[in-house]
Amino acid sequence: RFILPANQSYVISTRDKANAPGLAFQFYGDRGYWWVICLYNGILDPINGFEPGMVIQLPALADINALLSSQDTQQLAASVVTI
């Protein structure tokens, strides 16, 4: 998970299964952030990793963008932790 505070939580519904890009668009306005949701929640498989009823945590878009703009790839990898 990123070392960022969760801004909100969301309960996965049946329509969200296998739709990480759709979740990214819903919360961040950009399908390209699907990997952030997966990484932040420890989901390795964006197709089968979301189950209905599962609660995911979402950081604020401003926090994500601040982290991404201030980090190079090595620093970004170092900022991933397992809680």
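Trainee: What is the right way to read the packing of aromatic side chains from this model?
Mentor: To describe a pair of aromatic rings, you give the distance between the ring centres and the angle between the ring planes. Taken as a whole and assessed by the stated rule, the structure comprises two aromatic pairs. Look at Y10 and F27: their rings are 5.0 Å apart centre to centre, the planes differ by 70 degrees, and that puts the pair in the edge-to-face class. Separated by 17 residues along the polypeptide, Y10 in strand β1 (residues 6–11) and F27 in helix α1 (residues 20–28) bring together distant segments of the chain. Exposure class is identical for Y10 and F27. Each is buried. Taking the centre distance of 5.8 Å and the plane angle of 55 degrees together, the rings of Y28 and Y33 count as tilted. Directly above the aromatic system of F25 lies the positively charged group of R31, at a separation of 5.1 Å from the ring centroid.

Trainee: Honestly, α1 in this entry has me stumped. Any pointers?
Mentor: Because each turn of an α-helix spans 3.6 residues, side chains separated by three or four positions in sequence point in the same direction. Among the residues of α1, those classed as buried are A20, G22, L23, A24, F27 and Y28. Considering only its buried residues, α1 is in contact with β1, α2 (34–40), β2 (55–59) and α3 (61–70). For α1, the side-chain oxygen to backbone nitrogen distance between the N-cap and G22 is 3.0 Å, and the N-cap itself is N19. Just beyond α1, the residue with positive phi is G29, at close to 75 degrees.

Trainee: What is the right way to look at the nonpolar core in this model?
Mentor: Inside soluble globular proteins, nonpolar side chains tend to come together where they are buried. In terms of nonpolar packing, the biggest core is built from 19 residues, with Y10, L23, Y28, I37, F50, I56 and L58 touching the most fellow members. Of all the secondary-structure elements, those providing two or more residues to this core are α1, α2, β2 and α3. It is α1 that provides the largest number of residues to this core, a total of five residues. Residues contacting Y10, with those up to four places away along its chain left out, are R15, D16, L23, Q26, F27, M54, V55, I56 and L58.

Trainee: Any chance you could explain the pattern of salt bridges here in plain terms?
Mentor: Where charged atoms from two side chains of opposite charge come close, those side chains can pair. In the structure shown here, the tally under the stated rule is one salt bridge. The salt bridge partner of K17 is E51, with a shortest N-O separation of 2.9 Å. Here K17 is found in the loop between β1 and α1, whereas its partner E51 is found in the loop between α2 and β2, with 34 residues between them in sequence.

Trainee: Any chance you could explain the environment of T14 here in plain terms?
Mentor: With respect to the helices and strands, T14 occurs in the loop between β1 and α1. Since its relative accessible area comes to 67%, T14 is described here as exposed. Residues T14 and P52, spaced 38 residues apart in sequence, show a C-alpha to C-alpha distance of 5.2 Å.

Rules used in this analysis
- Residues numbered from 1 in each chain as written.
- Predicted model: local features only at pLDDT ≥ 70, side-chain atom pairs only at ≥ 80, totals over all residues.
- Heavy atoms only, no water.
- Phe/Tyr/Trp six-rings, centres within 6.5 Å; stacked < 30°, edge-to-face > 60°.
- Helix = DSSP H or I, 4+ residues; strand = E, 2+ residues; numbered from the N terminus.
- Buried < 20%, exposed > 50% of the residue type's maximum accessible area, 1.4 Å probe, protein only.
- Lys NZ or Arg CZ within 6 Å of the ring centre and 35° of its normal.
- Contact = heavy atoms within 4.5 Å.
- Polar contact = N/O pair within 3.5 Å; in protein donor to acceptor, adjacent residues only side chain to side chain.
- Core = buried A, V, L, I, M, F, W, Y, C linked by side-chain atoms within 4.5 Å.
- Salt bridge = Lys/Arg side-chain N within 4 Å of Asp/Glu carboxyl O.

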